[in-house]
Amino acid sequence: MTRKVWFQVGVGILITLLIIKYFIEIHWIFSPLVIILKAIFVPLLLGGVLYYVTEPIQRFLEKRRFPRWGSILTIVFGLIAIVGIFGWIIGNPIAEQINKLVKNAPMISTSISTSIQQLTDYVTQNKDNFPQQLNDVIEKMANSVQDVAVVASKGFMSFLQSIVSVSLLAILIPFFFIFMLKDHEKFAPSIYKYFSGERQQWVKKTLSEIDDVLRTYIQGQLQISFLLALIMYVGYLIIGLDYSLLLVIFAFFMNMIPFIGPWIAFAPALIVAVIQDPILVVWVSVVTLVAQQIDSNFITPNVMGKSLDIHPLTVITIILAAGNIAGFIGIIIAVPFYAVLKVIVSNIYDQRNAIKKKATKSV
């Protein structure tokens, strides 16, 4: 009975739950470690993204006989130059659109308030024509408006505090980035050196596949985000949408979230269209739809291919769950974390089958 797979899986689940239970009960022991991890997590994450973006450049330079320090300096100064040129080209347009947005903020607020008031008046006047269940929902929403405002204000303050914290820790980003470029070949050997024989080969193979998955995801998702943002920017310019550059920069970052991100980016564009000219709502929707069709049929298949092999429904479920557990950071890292976990589990399963086949092989 103890050899049955279901029994072994059940015992494993019970042991895991016990470990989690006792870990939660003594969480105070690990509080200092959690604080340290939180402090370095964001710089480490951003440093890792920069590393995977620039690692092909480093490989190219070192094939041309650049020394390691030479390739690192070339990449660092190249990034500084790119940021400077980018800021010089779009700095003034961004500043103008931000000033315009700040100047028009009272008008935008008034328009939104007027729309909400008109909707409220319509609902009040036609309340008797609505089903009772809908009336109950409307009443609950009306009663919770104040609570929502309080929560939103707290969330905004928390967001500002997060920005300040990340800004203070930004000095760690180049630290992690440079050391990843300098010593990235030493990471895997520092782990699999503690193993020997077939187990060492398995660990080495697993780490190599994890590296490939992360590289594919980060590089591919950045390319997809950039191309989508470029398509949307051209579309917004054609239809004459206000704040198009700001909206596209926001869309670039949101597009890094698979499937859900583009629809998050669509929301502010829709609000701007409603305020500027209601007919633009149709054109913004057309631009978004065209961008999504180009992405799903041409960009993503050619950039990502089937390298991650994760079903869209699985991706959406993971993102929603991660958002509830860890907020925005959870949404960002959910898919690559799942892809890494999938590689580990798949390799464990393959290794277990290999061991089982070897053990049952007739002599």
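The name an unreviewed UniProt entry gives the protein is AI-2E family transporter, with Lysinibacillus fusiformis as the organism. Per its UniProt entry, the protein bears the Sequence similarities (unreviewed entry) comment "Belongs to the autoinducer-2 exporter (AI-2E) (TC 2.A.86) family." Looking at the Subcellular location (unreviewed entry) heading of the UniProt record, one finds this comment for the protein: "Membrane".

**Student:** Is there a simple way to explain the packing of helix 8 (residues 197-239) against helix 9 (residues 244-254) in this structure?
**Tutor:** The relative placement of two packed helices comes down to the angle between their axes together with the axis-to-axis distance. Direction vectors running N to C along helix 8 and helix 9 enclose 160°, while the axes themselves pass 9 Å from each other. Comparing the axis directions of helix 8 and helix 9 gives the class roughly antiparallel. Here helix 8 runs over helix 9; the crossing is right-handed. For the pair helix 8 and helix 9, the contacting residues are Leu222, Ser225, Phe226, Ala229, Met232, Tyr233, Tyr236 and Leu237 in the first and Ser244, Leu245, Leu247, Val248, Ala251 and Phe252 in the second. Counted by class, the contact of helix 8 with helix 9 contains 12 nonpolar, 2 polar and no charged residues.

**Student:** Could you clarify how one ought to interpret the pattern of salt bridges in this entry?
**Tutor:** Close approach of charged atoms lets side chains of opposite charge pair. Per the stated rule, a full pass over the model turns up 9 salt bridges. Between Asp212 and Arg215 there is a salt bridge whose closest N-O contact spans 3.5 Å. Taken together, the residues span about one helical turn, with Asp212 and Arg215 both in helix 8 at a distance of 3 residues. Here Asp212 falls in the partly exposed class, since its relative accessible area comes to 40%. Note on Arg215: relative accessible area 15%, which makes it buried. Among the charged side chains, a network of salt bridges with common partners joins Glu55, Arg59, Asp211, Asp212 and Arg215.

**Student:** In this structure, what is going on with helix 10 (residues 261-276)? I would like to understand it.
**Tutor:** Note on helix geometry: an α-helix contains 3.6 residues per turn, so any two residues three or four positions apart are oriented the same way. Under the 1.5 Å per step criterion, the end-to-end length of helix 10 is 24 Å for 16 residues, consistent within 8% with the ideal 22 Å. Every buried residue of helix 10 is accounted for by Gly261, Pro262, Ala265, Phe266, Ala269, Val272 and Ala273.

**Student:** What is the right way to look at the nonpolar core in this model?
**Tutor:** The nonpolar side chains of soluble globular proteins are, as a tendency, buried together. Tyr236, Ile239, Leu241, Leu247, Ala269 and Val284 are the most contacted members of the largest nonpolar core, which totals 22 residues. Listing elements by their share of this core, those giving two or more residues are helix 8, helix 9, helix 10 and helix 11 (280-303). A total of 6 residues in this core trace back to one element, the largest contributor, which is helix 8. Contacts of Leu247, omitting those with residues within four sequence positions, involve Tyr236, Leu241, Asp242, Pro268, Ala269 and Val272. Of all hydrophobic cores here, the second largest spans 20 residues; its members include Tyr51, Val213, Tyr217 and Ile331.

**Student:** Could you clarify how one ought to interpret the UniProt feature "transmembrane region" (unreviewed entry) in the protein in this entry?
**Tutor:** UniProt marks residues 5-24, 30-54, 66-90, 159-181, 224-257, 263-291 and 312-339 with the feature "transmembrane region" (unreviewed entry), using the numbering shown here. Span residues 263-291 is 90% helix and 0% strand, its end C-alpha atoms 11 Å apart.

What counts, and where the lines are drawn
- Residues numbered from 1 in each chain as written.
- Predicted model: local features only at pLDDT ≥ 70, side-chain atom pairs only at ≥ 80, totals over all residues.
- Heavy atoms only, no water.
- UniProt positions renumbered as here; feature names shortened; annotations may be inferred.
- Axes fitted to C-alpha atoms, helices over the stretch in contact; angles between N-to-C directions.
- Helix = DSSP H or I, 4+ residues; strand = E, 2+ residues; numbered from the N terminus.
- Parallel < 35°, antiparallel > 145°, perpendicular 65-115°, else oblique.
- Left-handed = near helix turned anticlockwise from the far one by under 90°.
- Contact = heavy atoms within 4.5 Å.
- Nonpolar A, V, L, I, M, F, W, Y, C, P; charged D, E, K, R; others polar.
- Salt bridge = Lys/Arg side-chain N within 4 Å of Asp/Glu carboxyl O.
- Buried < 20%, exposed > 50% of the residue type's maximum accessible area, 1.4 Å probe, protein only.
- Expected span 1.5 Å × (residues − 1).
- Core = buried A, V, L, I, M, F, W, Y, C linked by side-chain atoms within 4.5 Å.

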